[in-house]
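So you can see what is in the structure, the chains are spelled out below.
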Amino acid sequence: MDLFSLTTILYVVTPLLYLSFLIWKVIDQTRDQECYIIGYQCYKPTDDRKLGTQLCGNIISRNKNLGLDEYKFLLKAIVSSGIGEQTYAPNNVIQGTESNPTLNDAVSEMEEFFHDSIGKLLAKTGVSAAEIDVLVVNVSMFSSTPSLTSRIINHYKMRHDVKAFNLAGMGCSASLISLDVIKNILKSQRNKNALLVTSESLSPNWYSGKDRSMILANCLFRTGGCAILLSNKRSLKHKAILKLKCLVRTHHGEKDDAYGCCQQKEDDEGRLGFYLGKNLPKAATRAFVENLRVLSPKILPAREMIRFVTVSLLRKVKFATSAKGVTVNSNKSPLNLKTGVDHFCLHTGGKAVIEGIGKSLDLSEYDLEPARMTLHRFGNTSAGSLWYVLGYMEAKRRLKKGERVLMISFGAGFKCNSCLWEVMKDVEDRNVWDDCIDEYPPHSLANPFMEKYGWINSVHDSTNFSLLDSLST
């Protein structure tokens, strides 16, 4: 081989080798940008915190601002809520001091959850607190000094360089906002472990007034939370149970009606509570539709998108050619999300929320079962609710390798956030469902409130009536 041939080969091979190196480097870096869930641990308070029928009656009777009309409204709301008798309340509600909450009540509620769930999660995954690089905590209606992240760092003696983020005011969809923060960090930094802690503080936010739009929150929100360990480390990939595929956030805070439909405020008498407006379903629907518009192309196969476009065009033609331009309205989405999704993890905002999403997406009872059962057993645990629903699926051994799980959540602001997960391996951890999963689903979700308190509907004289006296007789 002469010198000319050798030089020619070097000029050809060298760029090819360099190009191959660059391609390998890009692929290699992409592998380290994934966001995996290594494990998660939901929180279950002690049995003495359960809100049974009798205890609920006693708590309601302690509110001297309520009258007969409010009792009837509460009975109707509780009976139709989809919530059972095994949900949990904060300690100060159980002890009867909910009308005068203290800072210690709120701090104790959070620390009890932190110490239980984080400790169990670290033990279960084999990852120590010193290995946590990123800590994100979201608790919407409580912010302390030092911050909640600082309290966790101090208790578990985490490293001095841990990156801490404390999110407040983000509502029920906050856990996916926290997830978005972590996803972006893991995308830009390699070999990191992140701890996501999501919950809500009920101790200082139990409403003791009589505004119906605010006492409704007392019927829905319950104590709960979850700690989730995420990572992009290759060494932990074999332990991963879920991989994040995409995440979409929709915010309608610029719309005044959406902004004001769900917020913490004081009533006319200065009592603090959480307001749920009548236009909340409408605001949620608009945000959901907008979120789906962005999400769908990311998760659905091309054939489904082509079918959707075709159906949409045909509907427009039918509308244009129909008599007087009138068509039958339908709340059902023309998209078939089941072509790209195997399981639906829905926020347990309430029975109406679950049924509304199910109807719009044409979901079956099987699809809605995890959310319905979670609402019945644990209530609306705000930002933590999605993980109880996921835990139900896992405890029922529904999640198989390669399947896809869609999470959908709503929150004040108004927001709709969603994400898609890929199951990395067959999972069957029973988590907080361990002691009751075999009893679900029950034959009936009806709670005994109407049976015990239905007599209130036959009372008509509000001037000579006391719920407390009626309960004691």
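Residues numbered from 1 in each chain as written. Predicted model: local features only at pLDDT ≥ 70, side-chain atom pairs only at ≥ 80, totals over all residues. Heavy atoms only, no water.

Draft legend 1. Just the pairing of strand β8 (residues 272–276), in detail. As paired strands, strand β7 (residues 262–266) and β8 are joined by five bridges and run antiparallel to one another. Pairing of E266 across the sheet is with L272, part of β8. Between the antiparallel neighbours β7 and β8 lie five residues, among them G270 with a positive phi of about 85°. (Pairing = 2+ DSSP bridges. Helix = DSSP H or I, 4+ residues; strand = E, 2+ residues; numbered from the N terminus.)

Draft legend 2. How the structure looks around the packing of helix α5 (residues 103–125) against helix α6 (residues 148–156). Relative to each other, α5 and α6 sit at 50°, their axes nearing to 11 Å. Considering the angle they form, α5 stands oblique to α6. As for how α5 packs across α6, the hand of that crossing is right-handed. Residue-level contacts link V107, M110, E111, F114, H115, I118, G119 and L122 of α5 to L148, R151, I152, H155 and Y156 of α6. Across the contact of α5 with α6, the residue classes tally to eight nonpolar, three polar and two charged. (Axes fitted to C-alpha atoms, helices over the stretch in contact; angles between N-to-C directions. Parallel < 35°, antiparallel > 145°, perpendicular 65-115°, else oblique. Left-handed = near helix turned anticlockwise from the far one by under 90°. Contact = heavy atoms within 4.5 Å. Nonpolar A, V, L, I, M, F, W, Y, C, P; charged D, E, K, R; others polar.)

Draft legend 3. Quick look at the sheet that holds strand β9 (residues 343–346). Read from one edge to the other, the open sheet built from nine strands follows the order β3-β2-β4-β5-β1-β6-β11-β10-β9, with strand pairing classed as mixed. Of all the strands in the sheet, just β3 (163–167) and β9 have a single pairing partner and so form its edges. With strand direction ignored, the average angle separating the axes of adjacent strands in the sheet is 20°. Packed onto the sheet, α6 meets β2 (134–139), β3 and β4 (193–199) and runs at close to 130° relative to β2.

Draft legend 4. Representation of the nonpolar core in the model. Within the largest apolar cluster, 77 residues are counted, with the highest numbers of intra-cluster contacts made by M158, L179, W387, W421 and W433. Formed by 41 residues, the second largest nonpolar core is a distinct cluster that contains A258, L337, L346 and A412. (Core = buried A, V, L, I, M, F, W, Y, C linked by side-chain atoms within 4.5 Å. Buried < 20%, exposed > 50% of the residue type's maximum accessible area, 1.4 Å probe, protein only.)

Draft legend 5. Representation of the packing of helix α3 (residues 68–79) against helix α8 (residues 212–220). Across the interface, α3 lies against α8 with an axial gap of 10 Å and an inter-helix angle of 45°. With respect to α8, the axis of α3 lies oblique. For the element pair α3 and α8, the recorded crossing hand is right-handed. Contacts between α3 and α8 pair D69, E70, F73, L74, A77 and I78 from the former with R212, I215, L216 and C219 from the latter.

Draft legend 6. Seen up close, helix α14 (residues 385–395). Buried residues dominate α14, accounting for 11 of its 11 residues. What α14 keeps buried is the set S385, L386, W387, Y388, V389, L390, G391, Y392, M393, E394 and A395. Taken from the residues just after α14, R397 is the one with a positive phi, measuring 60°.

Draft legend 7. Looking closely at the side chain of K233. Structurally, K233 is set in the loop between β5 (225–231) and β6 (242–251). No salt bridge is formed by the buried K233; its nearest oppositely charged neighbour, D133, is found at 4.8 Å. Setting aside residues up to four positions removed in sequence, K233 forms contacts with N191, K192 and N193. (Lys, Arg positive; Asp, Glu negative; His and termini not counted. Salt bridge = Lys/Arg side-chain N within 4 Å of Asp/Glu carboxyl O.)

Draft legend 8. Seen up close, the environment of K298. Tracing the sequence through the fold places K298 in helix α10 (residues 280–299). As for K298 and L420, which are separated by 122 residues in sequence, their C-alpha atoms are 9.3 Å apart.

Draft legend 9. Structural view of the UniProt feature "domain: Beta-ketoacyl-[acyl-carrier-protein] synthase III C-terminal" (unreviewed entry) in the protein. The feature "domain: Beta-ketoacyl-[acyl-carrier-protein] synthase III C-terminal" (unreviewed entry), as given by UniProt, occupies residues 340–422 in the numbering adopted here. Annotation note: span residues 340–422, helix share 42%, strand share 24%, distance between end C-alpha atoms 11 Å. (UniProt positions renumbered as here; feature names shortened; annotations may be inferred.)

Draft legend 10. Expanded view of empty space enclosed by the protein. Applying the stated criterion across every chain yields a total of two cavities of 30 Å³ or more. The volume enclosed by the largest cavity comes to roughly 110 Å³. Lining the largest cavity, in full, are C56, G57, I60, Y71, L74, L75, I78, F449, Y453, I456 and L467. Looking at the lining of the largest cavity, the elements with two or more residues in it are α2 (53–62), α3 and α15 (449–453). (1 Å grid on protein atoms, 1.4 Å probe; cavity = no way out; pocket = protein on both sides within 12 Å on 5 of 7 lines; lining within 4 Å. Points joined across faces, edges and corners; volume = space filled by probe spheres on them.)

Draft legend 11. Up close: the pattern of salt bridges. Under the counting rule described, the total for this entry stands at 24 salt bridges. A salt bridge links E254 to K255; the nearest nitrogen and oxygen atoms lie 3.7 Å apart. The salt bridge partner of E290 is R293, with a shortest N-O separation of 2.5 Å. Linking E290 with R293, this pair stays in helix α10, spanning three residues, or about one helical turn. A relative accessible area of 30% places E290 in the partly exposed class. Each of D133, R159 and D161 takes part in salt bridges that share partners, so that together they form one network.

Draft legend 12. Representation of the packing of aromatic side chains in the model. What the rule picks out here adds up to 12 aromatic pairs. Arranged with centres 5.9 Å apart and planes meeting at 70°, the rings of F288 and F410 form a pair that is edge-to-face. Here F410 lies in strand β10 (residues 404–411) and F288 lies in helix α10, a separation of 122 residues in the sequence. Residues F288 and F410 agree in their burial class; the two are buried. Taking 5.2 Å as the distance between ring centres and 85° as the angle between the ring planes, the aromatic pair formed by F378 and W433 counts as edge-to-face. One end of the pair, F378, is in helix α13 (residues 365–378); the other, W433, is in the loop between β11 (415–423) and α15, with 55 residues separating them in the sequence. (Phe/Tyr/Trp six-rings, centres within 6.5 Å; stacked < 30°, edge-to-face > 60°.)

Draft legend 13. Layout of α6. The set of residues buried in α6 consists of L148, T149, I152, I153 and Y156. Looking straight down α6, one finds its buried side chains confined to an arc of 140°; they lie on one side. Buried positions along α6 lie against α5, β2, β3 and β4. (Arc of directions from axis to C-beta.)

Draft legend 14. Broad picture of the pairing of β5. Burial of β5 is extensive: seven of the seven residues sit out of reach of the surface. Going residue by residue along β5, you find G225, A227, L229 and S231 tucked away on one face and C226, I228 and L230 tucked away on the opposite face as well. Relative to β5, strand β1 (residues 36–42) runs antiparallel, the two sharing six bridges. Note on β5: the bridge partner recorded for Y36 is S231.

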